[in-house]
Each structure stands twice: as C-alpha cells, then as structure tokens.
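Okay, here's what each chain looks like letter by letter:
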Amino acid sequence: GTVLNLRDEIDLEAWLVTKQLAFETTEGNVWDVGMAGVRAGVPPQIKLVDRGVPITLHRSPTTRMHPPDERETNEFLRLFETVAERFRPDVVIGYGGSRIARGVFARARGRGMCTVFTLHNFAYTHLDAFTDVDEVLVPSRFAAEHYRRTLGLACTALPNLVDFERARAERHEPKYVTFVTPSAEKGVFPFARIADELGRRRPEIPLLVVEGRGTEATLASCGLDLRTHGNVFLMAHTPDPRKFWRVSRLCLMPSLWRENQPLVAIEAMVNGVPVIGSDRGGIPETLGAAGMALPLPDRLTPTTRTLPEAAEVEPWVSTILRLWDDRDAYAEQRRLALAEAERWRPEVLEPRYIQVFEGVRAGRPTVKAEGPASGAQAAETSSEGPPSLRACHSSQE
C-alpha cells in the first residue's frame, strides 16, 4: 500500500519524483455493477521498477499510518490475487497480523504457494497470525528463543541483510560520541545523564545526537539542561547514515527495549566505530566479540520516563573515557568492530538465504540458521561536506 511512516499527508506522486522513480498510475475500476451483480475489477494502483525489481502498490486512501477498513482490505487482496495469478510465485513473503496480511497468506497458501513470515519485533502474543504460514524467520537467536519460550513457535534465525555501501563512509573524521534516535525506548534518559556527567568532567568530549523518532524536544524533556556544558550537538534526521558515521568516534546505544538485530550497531561496526551498548535483547549477540554491552537498572523500561542516578551510569562514563584517552584500547576495539562486521556481509549471508528458501520451496524442514557466528565463535568452529550541526538548546528557544 501507499502508506508511509510520516505524520503528515503527502503528495505521493511528488514524493516518488523526489526519489527519481518513474511510475505509472492506474485509477482502476474497483466495482462493476452488471447483470451478474457486483464484481471486483482492477483496484487503483501504482506500478514502478526500483533497481530492477517490479513493484505494484495498492493506492491507499491516505499515506498516513492507519488501520485498513473493509473496502481497502478487499481492494488490496483483489490486487494481490491478480498479481499472484500473473506472476505465480513459489514463495510469498510477508508480515503482520492485520486482516490484509492474514488474507494474503491464506490466499497464497490456497494457491499452493509457500508462505514465509518475516518477524521483526516482539509484539505477538498469540498464534493466530501464523495460521497460514509455513516458515517464520527472525533476525536473531534471541528472538527465536523468545518466541519458542512464549508461544512455542519454531522460528528460523536468519539475519537481515545489510547494505554495506549504503552505510560505509568513504572517509572518516572521527570526533563525536554518537547517539542515534533520542527516543525513550532507545535510551534518551540514560543518554541525558551520561551526557551531563561527561559535561561535568570532560566538556571537551563532544556528543552528537542524530534525530529520528526522537528529536531535540525529546532530549529537552528529560529534565536536564544539556546546554550548560556545551558538549551536545544535534544533527537533523537524514536518510544517509554515512553523514554521521563519517564523524563518529564512538557509538552509544543505551537502549531500553529488546533490540532484535540493531542496525545502528552493525552500521557502526562496518565503519570501525566501537559500540558501547546496553545488554538488552539482541545487542550482545549482534556485537559478538566487539564492543561492550553494559547494564542499566531494571527499573528503566521503554515506558518509564526516569533519569538514572549518576552512579548507575558510571560504568558507561568510565568506558567512554577509557576509549577516548587510551589509544591502544581504542585501536583494539576498532579492529574488533571491523572484524565482527565481516560476518554481516551479504555475500556471507546470501548462501543461507538460498538454503532456507530452497528448503521452504521443496517442503523440507529448513536448517535453523543461528545467525552469523561472532569472531570468537568462528575461531572455536573454524566526499561529503561537514554535517550540519547545531548546538543543543531547549525546545522553548
């Protein structure tokens, strides 16, 4: 559907033009009334090709996120049936527990197609969404164990592919401790305390906050005036992560929710940026032998709005200072980060994808891939300008 993760309604055609994508629009004739009564016609749609992949988009009534009503659901499923009949895929991949998602899986299975559910979060509490699913893929062993324990659902751990070229900066000018997306679940409250403590002790160490779902206003709402020390800078949200990895010396991930396969951590390692992250969810699994996974108080959750005490973030502050001051320690962590990043290369993971999907297509049980082995585990078994920055200031100014 033509739904974007944006708050405001947008002109979709104009948006596609900004992406330099050629497209065709079909208004469709969704319902025909004749001697046979009401019958489905061609739903409104947009067709385009992106990097060689043909895409058919059902034209949703709004570009805002919304629950689809009965008409939208029926239109979408009719369009799916039309495409499936023409294309006749071996495997249909999807996700979600909505009526649309479940309808797609049911119709695909009814046509003899294999169905694969790509499960990227921990929101599912019952098995209804998986009724017509042949295989469930999760990005991490942590997620596979979670669903085995909570739902008795067997999942295959198959990490998401990462586009190295999209994430890797061509040149580096490392000077910031970088925190991406200052939202509550990503740990904006622990970050605020860490930033304040660093500002008191080492104000010359600059911290870069990259806005995303969380913004400058989110940071200001934490209750600490981070303007005092002059050590916090902001970068507006950007679709190009190379802009901030180019200037990052350390990556800070004080996440409070159960991370699955944190892309920020992988992108940092691809750029040789050591990661200091929380020990929650799949962060330790993702870091492997690189980086440091540190604890945060259990009372801090994605829904709390509480600052930790200075003593509770002391291990974080001490680790930052050690890597900032000790060149040898920093060089070793940078080496480990680059080494661990190698296991996420597409050419390493693609053979696993082939193995899993060939197994699904043939009706064979898939090999339960356990995620890319870390360096330690593997040893056991075998020209941009400077970014636009602004000094941190309160949202009231």
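Residues numbered from 1 in each chain as written. Predicted model: local features only at pLDDT ≥ 70, side-chain atom pairs only at ≥ 80, totals over all residues. Heavy atoms only, no water.

**Q** Explain unusual backbone geometry residue by residue, including any values.
**A** With phi around 60 degrees, Gln 20 is a residue other than glycine that occupies positive phi space. When its relative accessible area of 75% is taken as the criterion, Gln 20 is described as exposed. The residue Arg 51 is not glycine, and still its phi comes out positive at about 50 degrees. Within the element layout of this structure, Arg 51 appears in the loop between strand E4 (45-50) and strand E5 (53-58). Owing to a relative accessible area of 75%, Arg 51 belongs among the exposed residues under this scheme. (Buried < 20%, exposed > 50% of the residue type's maximum accessible area, 1.4 Å probe, protein only. Helix = DSSP H or I, 4+ residues; strand = E, 2+ residues; numbered from the N terminus.)

**Q** Any chance you could break down the packing of aromatic side chains for me, citing the residues and the numbers?
**A** The tally for this structure, following the rule as stated, stands at 10 aromatic pairs. Seen from their ring centres, Tyr 353 and Phe 357 are 6.3 Å apart, and the 20 degrees between their planes marks the pair as stacked. With Tyr 353 and Phe 357 both in helix H13 (residues 346-362) and 4 residues apart, this pair spans about one turn of that helix. One Lys or Arg, Arg 249, reaches over the ring of Trp 324 and ends 4.1 Å from the middle of that ring. The ring of Tyr 330 has Arg 249 sitting right over it, with the charged end atom 5.4 Å from the ring centre. (Phe/Tyr/Trp six-rings, centres within 6.5 Å; stacked < 30°, edge-to-face > 60°. Lys NZ or Arg CZ within 6 Å of the ring centre and 35° of its normal.)

**Q** With reference to specific residues and values, describe helix H6 (residues 188-201).
**A** For H6, with 14 residues, the first-to-last C-alpha span of 20 Å sits near the 20 Å given by 1.5 Å per residue. The element H6 is largely enclosed, with a buried count of 12 among its 14 residues. Within H6, burial applies to Val 188, Phe 189, Pro 190, Phe 191, Ala 192, Arg 193, Ile 194, Ala 195, Asp 196, Glu 197, Leu 198 and Gly 199. Check the buried side of H6 and you find it contacts strand E10 (176-180), strand E11 (207-210), helix H7 (216-220), strand E12 (232-235), strand E13 (248-253) and helix H11 (314-325). (Expected span 1.5 Å × (residues − 1). Contact = heavy atoms within 4.5 Å.)

**Q** Would you mind going over the pairing of E4 in detail, with residue names and values included?
**A** Examined bridge by bridge, strand E1 (residues 23-26) and E4 share 4 bridges and lie antiparallel to one another. Within the sheet, the bridge partner assigned to Glu 24 lies in E4 and is Lys 47. Of the strand pairs in this sheet, E4 and E5 are connected by 6 bridges, and their pairing is antiparallel. Bridge assignment links Leu 48 to a residue of E5, and that residue is Ile 55. In this antiparallel pair of consecutive strands, E4 and E5, the connection spans 2 residues, and Arg 51 shows a positive phi of 50 degrees. (Pairing = 2+ DSSP bridges.)

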